[in-house]
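Given next are the chains, with one letter for each unit.
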Amino acid sequence: MSSAIFFSVVVGLVGLERLAELRVAKRNTTWSMQRGGREFGASHYPPMVFLHTALLAGALAEVWIARPPFYVGLAIAMGLLLIASQALRWWCIRTLGHQWNTKIIIIPGMSAVRSGPYRFFTHPNYVAVVVEGFALPLMHTAWITATVFTILNAILLRVRIRSENAALRELSADRQL
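Residues numbered from 1 in each chain as written. Predicted model: local features only at pLDDT ≥ 70, side-chain atom pairs only at ≥ 80, totals over all residues. Heavy atoms only, no water.

### Topic: the nonpolar core
Side chains that are nonpolar tend, in soluble globular proteins, to be buried together. Judged by nonpolar contacts, the single largest core of 17 residues is most densely connected at Phe7, Leu82, Leu136 and Met139. Where this core is concerned, the elements lending two or more residues are helix 1 (3-34), helix 2 (45-66), helix 3 (72-96) and helix 4 (124-138). The element that contributes the greatest number of residues to this core is helix 1, accounting for five residues. The next biggest cluster of nonpolar side chains, apart from the first, holds ten residues, and it includes Cys92, Ile93, Val113 and Tyr118. (Core = buried A, V, L, I, M, F, W, Y, C linked by side-chain atoms within 4.5 Å. Buried < 20%, exposed > 50% of the residue type's maximum accessible area, 1.4 Å probe, protein only. Helix = DSSP H or I, 4+ residues; strand = E, 2+ residues; numbered from the N terminus.)

### Considerations on helix 3
Look at helix 3: 36 Å from first C-alpha to last across 25 residues, which is about the 36 Å you get at 1.5 Å a residue. Ala75, Met78, Gly79, Leu82, Ser85, Gln86, Leu88, Arg89, Cys92, Ile93 and Leu96 are the residues of helix 3 that are buried. (Expected span 1.5 Å × (residues − 1).)

### Digging into the packing of aromatic side chains
A complete count under the given rule lists one aromatic pair for this structure. Relative to Phe120, the ring of Trp91 has its centre 6.4 Å away and its plane inclined at 55°; by these criteria the two rings are tilted. Note that Trp91 is positioned in helix 3 and Phe120 in the loop between strand 2 (104-106) and helix 4, a separation of 29 residues in sequence. Judged by its relative accessible area of 37%, Trp91 falls in the partly exposed class. A cation over a ring is seen here: Lys103 above Tyr45, with NZ or CZ 5.4 Å from the ring centre. (Phe/Tyr/Trp six-rings, centres within 6.5 Å; stacked < 30°, edge-to-face > 60°. Lys NZ or Arg CZ within 6 Å of the ring centre and 35° of its normal.)

### Overview of the packing of helix 2 against helix 4
Their axes nearest at 9 Å, the elements helix 2 and helix 4 cross at an angle of 15°. Classified by the interaxial angle, the pair formed by helix 2 and helix 4 is roughly parallel. Helix 4 is crossed by helix 2, and the crossing has left-handed handedness. Where helix 2 approaches helix 4, its residues His52, Leu55, Leu56 and Ala59 are matched on the opposing element by Val129, Glu132, Gly133, Leu136 and Pro137. (Axes fitted to C-alpha atoms, helices over the stretch in contact; angles between N-to-C directions. Parallel < 35°, antiparallel > 145°, perpendicular 65-115°, else oblique. Left-handed = near helix turned anticlockwise from the far one by under 90°. Contact = heavy atoms within 4.5 Å.)

### Some thoughts on unusual backbone geometry
Backbone geometry at Arg67 places phi at a positive 50°, although glycine is not the residue there. Following the sequence through the fold, Arg67 ends up in the loop between helix 2 and helix 3. Its identity as a non-glycine residue notwithstanding, Thr141 has a phi of 55°, on the positive side. Mapped onto the fold, Thr141 is located in the loop between helix 4 and helix 5 (143-176). We classify Thr141 as buried; its relative accessible area is 13%.

### Examining the layout of surface pockets
Sizing a probe to match a water molecule and rolling it over the atoms shows the empty space that remains. There is about 830 Å³ of room inside the largest pocket. Along the walls of the largest pocket sit 42 residues, with Trp100, Asn101, Thr102, Asn125 and Arg160 positioned nearest its centre. At the level of elements, helix 1, helix 2, helix 3, strand 2, helix 4 and helix 5 are the ones that each hand at least two residues to the lining of the largest pocket. Among the residues forming the lining of the largest pocket, the class breakdown is 24 nonpolar, eleven polar and seven charged. What lines the second largest pocket is simply Val10, Leu13, Val14, Glu17, Gly79, Leu82, Ile83, Gln86 and Met139. Counting only elements with at least two residues in the lining of the second largest pocket, the list comes to helix 1 and helix 3. Tallied by class, residues from the lining of the second largest pocket come to six nonpolar, two polar and one charged. (1 Å grid on protein atoms, 1.4 Å probe; cavity = no way out; pocket = protein on both sides within 12 Å on 5 of 7 lines; lining within 4 Å. Points joined across faces, edges and corners; volume = space filled by probe spheres on them. Nonpolar A, V, L, I, M, F, W, Y, C, P; charged D, E, K, R; others polar.)

### Remarks on the pattern of salt bridges
Think of it this way: side chains of opposite charge can pair up when their charged atoms draw near. Enumeration according to the criterion identifies four salt bridges in this entry. The partner of Glu170 in a salt bridge is Arg38, and the shortest N-O contact between them spans 2.4 Å. Note that Glu170 is positioned in helix 5 and Arg38 in strand 1 (residues 38-40), a separation of 132 residues in sequence. The partly exposed category is assigned to Glu170, whose relative accessible area is 26%. Residue Arg38 is classed as partly exposed on the basis of its relative accessible area, which comes to 41%. Through salt bridges with shared partners, one network takes in Arg18, Glu21, Arg89 and Glu132. (Salt bridge = Lys/Arg side-chain N within 4 Å of Asp/Glu carboxyl O.)

This is the structure in structure tokens:
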């Protein structure tokens, strides 16, 4: 199997994983809204979806068009980071349960989760996103995609984390009333 085909299979698997996330998120959105959930930061959601889709498409395009070299050692290292990022993401999903979402939705009266990976830092899912964003394309030396995604994702995460922190502050204020 050629390295480009192998890489395409990996990207396809990540794409399937993303579809599974969206299915969980849709179910959790319904659950949250039935309990009075309110969405924050909706305006940055479409660019986020576009950017994450572009990561997969860009990595494939760069590998198939530019034909960068494939280094087994780099592929193994980045593959391990990719697996670790997916494990962290699903740990976040499992820890948050129905509260996990790809959107920022708070349910009045609920508490912020401080268990699982949230014991260690406030936004562990974004650590997974950052690691995945460079590890996936670098599995096949797609450094242009890794660089562009990392820069654009940093800009987007700045907006997203501000929105999420505002939502968490409101959630905390609701709990103190």
